[in-house]
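Listed here are the chains, written in short residue letters.
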Amino acid sequence: MVSTILQQSDIEHEVLIENLQAAVDAQTDNKPSPKAHSYTKYNTWDTLQSWIASISSSNPNLISKQVIGNTYEGRPMIVLKLGKKSSSTKPAIFMDCGIHAREWISPAFCQWFVKEALSTYGSDSQMTSLLDQMDVFVLPVFNVDGYDYTHKSNRMWRKTRSGKSGSSCIGADPNRNFNAGWCTLGASSNPCSDTFCGYSPESEIEVKNVADFIRRNKSIIKAYLTIHSYSQLLLFPYSYTYELAADHSELLKVAEGASAALRSLYGTPYTSGPGASTIYPAAGGSDDWAYDLGVKYSYTFELRDTGRYGFFCCPSLRSSPHARRPCWPSSTSPPTCRRTSIKERNCQDPCQLSSSVPTPSPPNLSAISS
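Quantities reported herein were computed from a predicted structural model and do not represent experimental measurements.

**Q** Let's hear about the packing of helix H4 (residues 105-120) against helix H5 (residues 125-133): which residues, and what values?
**A** Contact geometry for H4 and H5: axes closest at 9 Å, N-to-C directions at 95 degrees. Taken together, H4 and H5 sit at an angle that is classed as roughly perpendicular. Packed against H4, whose contacting residues are Phe113, Ala117 and Thr120, the element H5 presents Met127, Thr128 and Leu131 at the interface. Classifying every residue of the contact of H4 with H5 by side-chain character gives 4 nonpolar, 2 polar and no charged.

**Q** Could you give me a rundown of the pairing of strand E4 (residues 135-139), with the residues and numbers involved?
**A** For E4, the tally of buried residues reaches 5 of 5 residues, placing the bulk of the element in the interior. By the alternation rule, side chains of E4 split into Asp135, Phe137 and Leu139 and Val136 and Val138, which are all buried. Pairing of strand E2 (residues 76-82) with E4 involves 3 bridges; the strand directions are antiparallel. Of the residues in E4, the one forming a bridge with Leu82 is Val136. Here 5 bridges tie strand E3 (residues 92-97) to E4, and the two strands are oriented parallel to one another. The residue bridging Asp96 from the neighbouring strand is Leu139, located in E4.

**Q** For the environment of Met127, give the residues involved together with the corresponding values.
**A** In this structure, Met127 sits in helix H5. Each C-alpha atom of the pair Met127 and Gly83 lies 9.9 Å from the other, and the pair is 44 residues apart in sequence.

Cut-offs used in this document
- Residues numbered from 1 in each chain as written.
- Predicted model: local features only at pLDDT ≥ 70, side-chain atom pairs only at ≥ 80, totals over all residues.
- Heavy atoms only, no water.
- Axes fitted to C-alpha atoms, helices over the stretch in contact; angles between N-to-C directions.
- Helix = DSSP H or I, 4+ residues; strand = E, 2+ residues; numbered from the N terminus.
- Parallel < 35°, antiparallel > 145°, perpendicular 65-115°, else oblique.
- Contact = heavy atoms within 4.5 Å.
- Nonpolar A, V, L, I, M, F, W, Y, C, P; charged D, E, K, R; others polar.
- Buried < 20%, exposed > 50% of the residue type's maximum accessible area, 1.4 Å probe, protein only.
- Pairing = 2+ DSSP bridges.

Geometry only, nothing functional implied.
Encoded structure:
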């Protein structure tokens, strides 16, 4: 009906997803869970909790867990610590996934990273060196309440699930709730907006829990990585201002090196740059906050794709990071374009352009461990 109205009004348009409900259904796996944890599907929070409990006890010399606080609805926020046990304090990286509830590929990335780190330690020289010399704190799901809500009620929910007396609007955008240019550019003071900044900096308990953890460990955390989707970008401060960060040249050099490494593996293009000028202004973001706190190497990864499927990329995570085959369900064919005017990149199966959950190369230890 909408397409017909647009055609009658002579408005040029493209249908990117023929059946949105089918795309939603394709991402929801209602089959009985296998005994082994699946890294090739989008897992629910309940499944993730079981995985966290299991994997954190799988190798006590390399992994442990800790609860850094509870969410608004009372769910635990669990951080996994990866790294070879040491009698001395090691520098660390903090990485979070799932700050925005609907970005399912983000928690999938964190799960895959943990699996890869543990399974390749001792055989892969870079990963072994990383975990020998540093610790990696991984928060598999930041916005747990919102993530659970996307699986049970509203697939496109973005915010937290907090409430306030006198308002019918639910939640705030946790990535507008950090104390970094709070509630200025690219953030809304409207509680019903998807980019609502909250009622004050760190008003969202999830944000406060993460901020408190990073503050407590500020002396050892040398890099902060936050994983989002989509757009294939590698962003760094600032997003709350168009001014360049004091370490702009070095941040850009590191980002371009990481982007080149991703492109060399699968041909996947990633664009690097400051958040405000590369994608859009966004005050109150976690990477800007971490940078201003003193964590110089603060980055935001925007994973696949570039908009063809967006938050629905991909219907199924069917390929490993080392495979080049399509990751679409075997019962379906890769999508095609309805009209030739769609850009070629949007006519391809995005799963052929890169791994479903790319594992970045370990960072330059000499650069960030000092």
